[in-house]
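Next come the chains, spelled out residue by residue.
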Amino acid sequence: MKFEGPPAGDASADDAQLLALPATLGRLFEPCGLLALPSRLRLAEVLAEPGRPLALFDGELRALPLPAGAAGRAEVAALVADGLPSQVMATSVASQPLGEVLPLLADLPGPIETAGLAPSLVAALAANGVTSWQSLAGWRLTEMARWARIGTSALTALLHASLHAASTAIPAPAALIEPADLAVLLCHERSTGRSTLRDSLGRYLGIAEPDEVQGAARRLLTLAQPSVPVPVPSGSGSGLELVAAADGLLQQLGDARDRIVFERLCLGLGSDDVPPAEVARALEVGAARVRKLRARAEDRARQAFLAAPPLSAPVAQLRDELGVAAPRDAAAAALARLGLPPAGDVRSALHLWFAGPYRPFAGLPGWLGVDGDGARVTTRLLLGEDGGVHRTELIRKELVRAGIAPGQVDPWLAEQPVRVDDELTVLVVGSPAAVAERILAATGEAMTAAELVAWAGQGSGHQASWRQALRRDHRFVAVADDRFELAEWGGTTATSGTSNVPAGPAGPDGDEEMDQPAPGTWTVAVDEDLLSGGSGPVPRSLLAQLGVAAGATRTIATRYGPLALCNVAEGPRRGSLRPIALAAGAAAGDVLLLRFAPGATSAGVEVVAGPAT
């Protein structure tokens, strides 16, 4: 384990202040965007941090931390110097004070003559009062070019010497400890028989700890003690093995251009979600070239994946856990269970790309999906079917069939424009009349415009427009206390009791020959089979009136819940009426009277009491 401290000699207050300076490329060379592209790409590779995407844009380059060692910083300074073409030297750099080009100059102590410059150049600088790095910071190269005995080559040498001095004079903070250093400490504990750090990390593997914490502890313990097995998901290998496999795969994509295009446009990584055109401009190529680079990198990645068996099992596990849409937190937890870092890490993002690829949803920042907006469109179509009112149990099953993982169904429904309870899921988008019809059919209760607006989750400012829309629509009637009902309810809020419609003989359920009270109504005898949840036949005339085509299924909303009607070849059938009968207060021997309008998507329900026993 190696720590770097200040230079030998007495540490002054200035030296201590220098140690606190941020050692980033921006502090060394501020206008990173002036560098030639090859140098910028090379810097991105040299300064790349494990798991971070390669830097492409000027702001990202400025934020890159410099290497801890003097040799590494000297290499960076040489890359910066080589990346300054003559036209940049003659214009942008030459016209700025050197302290703005190299911000660290203003903080560097010491005389210039120690930089190995030609004695004639040092003498020319001294003749103009420039004897230290700090005194050099305020001058421009264009100004110094007018001094005697200083030419273009001398100024170039001075800039290169300044870069070197700024890059090597400030050491890294002595307190910096990286994960590898912690692993060394753990190995030292093992050799000495101590276990303080190991026991502390072991406690984080408990099931009560967050998945990402368990994953971090597992990786550190594995790194420190590779010969001792650490609990990992079955068949997936350790997190370090997966990280190493992903690192090896990324190396097969090509040079820095290929990596940058793949990380930006395929994995969606980087500080900015930039379009392909901006990536093309930053790489100084055309849009067609970027498309070719992207296609080539994707093809190389897929071929390398086929040759990397360790990645197959975790990728399949991610796909099964996350489905076609999942919250970012769920993705982070799934990655942590595999011993992988969060999704912002290039290696973890690579796993998600192979599993999906998973990309952010537009307008839904907390979620990732595999097919653009496909999952949201499919879900909206499902929720809009059959009038927009569904049994929650059934809509959950439909979402699983559509590819939503079982564990993500309820969180996914919570993101949709619906109101969900244990029984019904109601779509609450559309015109006021359409939404109000669904709400009334689902609740079976008369409501005021204010109550309807609140139930739909809209602001109170919509009350007047809803009230006006409902008064104009023939599907609604206004009753007492400015409340609205569905017109098919007949203007009554009664939910049980004796109906004015004679019951007639309670023939077989759905018998077309029985004496139905009136067109548009259907009576169903409440018996033990119905109350146990059994299905039954439906009059063909009723399905014809409702416009249910052969082979189709229609869900009819009622105040007590939905009713499924199926026009199948074996004969028209209904789903269970048990929830409706129980909610309406019906008992064995009673009759359910359902009222329909032609083509309706909802029905009124009354209970005709059976003979007293």
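## Looking at the overall build of the protein chain
For the protein chain, the count of helices and strands is 30 helices and 15 strands. Out of the 613 residues in the protein chain, the part that is buried amounts to 45%. Taking as baseline every contact in the protein chain between residues at least 6 positions apart, the subset at least 24 positions apart corresponds to 64%. Accessible surface, the protein chain as shown: approximately 28400 Å² in total, 54% of it carbon and sulfur.

## Let's talk about the layout of surface pockets
Considering only enclosed or pocket space, the second largest pocket measures out at about 410 Å³ in volume. Along its surface, the second largest pocket is lined by 17 residues, and Asp 386, Leu 394, Thr 553, Thr 555 and Ala 564 are the ones closest to its centre. Sorting the residues of the lining of the second largest pocket by element identifies strand S4 (389–391), helix H23 (392–401), strand S11 (553–558) and strand S12 (561–568) as the ones contributing at least two each. The dominant element in the lining of the second largest pocket, judged by the number of residues it contributes, is H23, at 5 residues. Across the lining of the second largest pocket, the residue classes break down as 6 nonpolar, 5 polar and 6 charged.

## Looking at the sheet that holds strand S10 (residues 536–537)
As summarised here, the arrangement of the 4 strands in space is S10-S13-S12-S11, forming an open sheet in which the pairing is antiparallel. Pairing within the sheet leaves two strands with one partner each, and these edge strands are S10 and S11. The pairing of S12 with strand S13 (residues 571–574) spans 4 bridges and is classified as antiparallel. Opposite Leu 565, over in S13, you have Arg 574 as the bridge partner.

## Topic: the pairing of strand S6 (residues 424–427)
Here S6 shows two buried faces, one formed by Leu 424 and Val 426 and the other by Thr 425 and Leu 427. The pairing of S4 with S6 spans 3 bridges and is classified as antiparallel. Across the sheet, residue Arg 391 finds its bridge partner in S6, namely Leu 424. Of the pairings in the sheet, the one linking strand S5 (residues 418–420) to S6 comprises 3 bridges and is antiparallel in character. In the strand pairing of S6, Val 418 is matched with Leu 427. Between S5 and S6, which follow one another and run antiparallel, lie 3 residues.

## Looking at the nonpolar core
With 49 residues, the main nonpolar core has Leu 25, Phe 29, Leu 125, Leu 136 and Met 144 as its most contacted residues. Taken together, the elements giving at least two residues each to this core come down to helix H2 (25–28), helix H5 (70–82), helix H6 (86–93), helix H7 (98–101), helix H8 (119–127), helix H9 (133–136), helix H10 (141–144) and helix H11 (152–169). The element that contributes the greatest number of residues to this core is H11, accounting for 8 residues. Setting aside anything within four residues of it in sequence, one finds Leu 125 in contact with Ile 112, Val 130, Met 144, Trp 147, Ile 150 and Leu 158.

## Some words on unusual backbone geometry
In this chain, Gly 356 is followed by Pro 357 through a cis amide linkage whose omega measures 5 degrees. You can see Pro 357 is positioned in the loop between helix H21 (346–355) and strand S2 (359–361). One non-glycine residue, Arg 149, lies in positive phi territory at about 65 degrees. Here Arg 149 is to be found in the loop between H10 and H11. We classify Arg 149 as exposed; its relative accessible area is 60%. At Glu 284, a residue that is not glycine, the phi angle is positive and equals roughly 60 degrees. Among the structural elements, Glu 284 can be located in the loop between helix H17 (276–283) and helix H18 (287–306).

## A closer look at the packing of aromatic side chains
If you walk through the whole model with that rule in mind, you get 6 aromatic pairs. Pairing Trp 139 with Trp 147 gives two aromatic rings, centres 4.8 Å apart and planes at 80 degrees, and the pair type is edge-to-face. The exposure class assigned to Trp 139 is partly exposed, which follows from its relative accessible area of 28%. Of the residues examined, Trp 147 reaches a relative accessible area of 11% and is grouped as buried. With a centroid separation of 4.3 Å and 25 degrees between ring planes, the pair formed by Phe 305 and Phe 354 is classed as stacked. Taken as a pair, Phe 305 in helix H18 and Phe 354 in helix H21 lie far apart in primary sequence, 49 residues in all.

## Examining the pairing of strand S7 (residues 476–479)
Across 4 bridges, the pairing between S7 and strand S8 (residues 483–486) is antiparallel. Of the residues in S8, the one forming a bridge with Ala 478 is Phe 484. In textbook terms, the turn of a hairpin is the stretch between consecutive antiparallel strands, and for S7 and S8 this stretch comprises 3 residues, one of which, Asp 481, has a positive phi near 60 degrees.

## A short note on helix H22 (residues 374–384)
The set of residues buried in H22 consists of Gly 374, Ala 375, Arg 376, Thr 379, Leu 382 and Leu 383. In the segment just after H22, Asp 386 is the residue with positive phi, at about 55 degrees.

Reading guide: rules and limits
Residues numbered from 1 in each chain as written. Predicted model: local features only at pLDDT ≥ 70, side-chain atom pairs only at ≥ 80, totals over all residues. Heavy atoms only, no water. Helix = DSSP H or I, 4+ residues; strand = E, 2+ residues; numbered from the N terminus. Buried < 20%, exposed > 50% of the residue type's maximum accessible area, 1.4 Å probe, protein only. Contact = heavy atoms within 4.5 Å. Areas by Shrake-Rupley, 256 points an atom, 1.4 Å probe, with all protein chains shown as cover. 1 Å grid on protein atoms, 1.4 Å probe; cavity = no way out; pocket = protein on both sides within 12 Å on 5 of 7 lines; lining within 4 Å. Points joined across faces, edges and corners; volume = space filled by probe spheres on them. Nonpolar A, V, L, I, M, F, W, Y, C, P; charged D, E, K, R; others polar. Pairing = 2+ DSSP bridges. Core = buried A, V, L, I, M, F, W, Y, C linked by side-chain atoms within 4.5 Å. Phe/Tyr/Trp six-rings, centres within 6.5 Å; stacked < 30°, edge-to-face > 60°.

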